[in-house]
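Remarks on the overall topology
Listed here are the chains, written in short residue letters.
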Amino acid sequence: MSILSFILKKSNIYPLLTLTLLIISAAHSSHAASYTINPAGTHVRFAIERFQSPDTAGGFYNVQGQLQYDSSLKTGNISLVIPISSLNTGNKAFNQTLTGPSFFDMQRFPLARFDSNKWYFSQDKSRPMVTKVDGHLTLHGETHPISLTATKFDCYLHPALKKDICGGDFTAMIDRTKWNIDKYAWFGVTKNLHLNIQVEATKQ
């Protein structure tokens, strides 16, 4: 037996060391809580400028997905699945144009998807807040990186549902031509889409 082992045994430090190791192990094995996206409270809205006329607003609804989040560990992960068929601008004819082959081409590409790969937090140690989320947007058969700026994000106990909820608002701007949606891009229909994304998720 080594001198160190003899000293530890005699001083009865083994139980204390075991407890310390268990605490450290538990801390490292902890993981972010899992949440399911609430389709009723999650949507992706956009605005389109057309031939110098007032912007036409629309959105994608019935969004599905998963969220993992832990503010204390400053970790997060989110995946959103966006059905192109849910597009609604309030104008049925324009809906059909946008979901048709010249734009989002719903028949060939029925779903869009966003998957995060990095979350950014404020420097407030007592209550770090989400400031930005990087990820990849898959749309129209193409995948490219985008960044979402968080204007609000928080988790709380819903007073009516009695469940833990995470929710927030994000903004982004994308150039639709990067996803090969370039119809009329040079003839009056803006190629830049301003996105406003609202997310709500319930803890599993």
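The rules behind each value
- Residues numbered from 1 in each chain as written.
- Predicted model: local features only at pLDDT ≥ 70, side-chain atom pairs only at ≥ 80, totals over all residues.
- Heavy atoms only, no water.
- Helix = DSSP H or I, 4+ residues; strand = E, 2+ residues; numbered from the N terminus.
- Buried < 20%, exposed > 50% of the residue type's maximum accessible area, 1.4 Å probe, protein only.
- Contact = heavy atoms within 4.5 Å.
- Salt bridge = Lys/Arg side-chain N within 4 Å of Asp/Glu carboxyl O.
- Core = buried A, V, L, I, M, F, W, Y, C linked by side-chain atoms within 4.5 Å.
- Disulfide = S-S within 2.5 Å.
- Phe/Tyr/Trp six-rings, centres within 6.5 Å; stacked < 30°, edge-to-face > 60°.
- Pairing = 2+ DSSP bridges.
- pLDDT = per-residue confidence, 0-100.
- Polar contact = N/O pair within 3.5 Å; in protein donor to acceptor, adjacent residues only side chain to side chain.
- Arc of directions from axis to C-beta.

Per an unreviewed UniProt entry, the chain is named Polyisoprenoid-binding protein YceI, and its organism is Psychrobacter immobilis.

Within the chain, the regular secondary structure consists of three helices and ten strands. Along the chain, helices (α) and strands (β) appear in the sequence α-α-β-β-β-β-β-α-β-β-β-β-β when read from the amino end. Sorting the 204 residues of the chain into buried and exposed places 37% on the buried side. Considering only intrachain contacts with a sequence separation of at least 6, the fraction spanning at least 24 residues in the chain is 55%.

Attention now goes to the pattern of salt bridges. Counted by the stated rule, this structure contains six salt bridges. Ionic pairing is found between Lys-152 and Asp-169, a salt bridge with its closest N-O pair at 3.8 Å. On the criterion of sequence distance, the pair formed by Lys-152 in strand β8 (residues 142-157) and Asp-169 in strand β9 (residues 164-175) is long-range, its members being 17 residues apart. A residue is classified by how much of its surface remains accessible, and Lys-152, at 52% relative accessible area, is exposed.

Ranked by internal contacts, the top residues of the largest apolar core, which has 43 residues, are Leu-67, Tyr-69, Phe-104, Trp-119, Val-130 and Phe-170. In contact with Phe-170, not counting residues within four places along its chain, are Val-130, Val-133, Leu-148, Thr-149, Ala-150, Thr-151, Phe-153, Leu-195, Asn-196, Ile-197 and Val-199.

What follows covers the state of the cysteines. Applying the stated criterion across every chain, the model contains one disulfide. Disulfide pairing is shown between Cys-155 and Cys-166; the S-S distance is 1.9 Å. An S-S torsion of about 95° defines the bridge between Cys-155 and Cys-166 as right-handed. Within this pair, whereas Cys-155 is found in strand β8, its partner Cys-166 is found in strand β9, the two being separated by eleven residues in sequence.

Once that is clear, we can look at the packing of aromatic side chains. Scanning the entire structure with this criterion turns up seven aromatic pairs. Between Trp-119 and Phe-153, the ring centres sit 5.8 Å apart and the planes meet at 80°, which makes this aromatic pair edge-to-face. Of this pair, Trp-119 sits in strand β6 (residues 111-121) while Phe-153 sits in strand β8, and the two are 34 residues apart along the sequence. Note on Phe-153 and Phe-170: the rings are 6.1 Å apart at their centroids and 55° apart in plane angle, and the pair reads as tilted. Linking Phe-153 in strand β8 with Phe-170 in strand β9, this pair joins segments that are 17 residues apart in sequence. For the pair formed by Phe-153 and Phe-170, the shared burial category is buried.

Time to look at the pairing of strand β1 (residues 33-37). Residues Ala-33, Tyr-35 and Ile-37 of β1 are buried on one face, while the alternating residues Ser-34 and Thr-36, pointing to the opposite face, are not. Note: β1 against strand β10 (residues 192-203), three bridges, orientation antiparallel. When the bridges of β10 are listed, Tyr-35 appears paired with Lys-203.

Interpretation of this model should avoid reading the predicted coordinates in detail wherever pLDDT is low. Taken over all residues, the pLDDT of the chain has a mean of 85, while the share at 70 or more is 81%. Note on residues 2-30: pLDDT is under 50 here. Beyond four places in sequence and across chains, it has eight contacts.

Here Thr-89 shows up in the loop between β5 (75-83) and α3 (92-99). A polar side-chain atom of Thr-89 sits 3.3 Å from the main-chain amide nitrogen of Asn-91. If we skip the residues at most four places from it in the chain, Thr-89 touches Phe-46, Thr-56, Ala-57, Gly-58, Phe-94, Asn-95 and Leu-98.

Turning to the side chain of His-43, a few remarks are in order. Tracing the sequence through the fold places His-43 in strand β2 (residues 43-50). Owing to a relative accessible area of 17%, His-43 belongs among the buried residues under this scheme. Those residues in contact with His-43, other than ones at most four positions away along the chain, are Phe-60, Tyr-61, Val-63, Asn-196, Ile-197 and Gln-198.

What follows is about α3. All buried positions along α3 are accounted for by Phe-94, Asn-95, Leu-98 and Thr-99. Viewed end-on, α3 has its buried residues packed into an arc of 130°, placing them on one side of the element. Summarising the geometry of α3, the exposed residues directed more than 90 degrees from the buried face are Lys-92, Ala-93 and Gln-96. Among the residues of α3, the N-terminal cap falls to Asn-91, whose side-chain oxygen and the backbone nitrogen of Ala-93 are separated by 3.1 Å.

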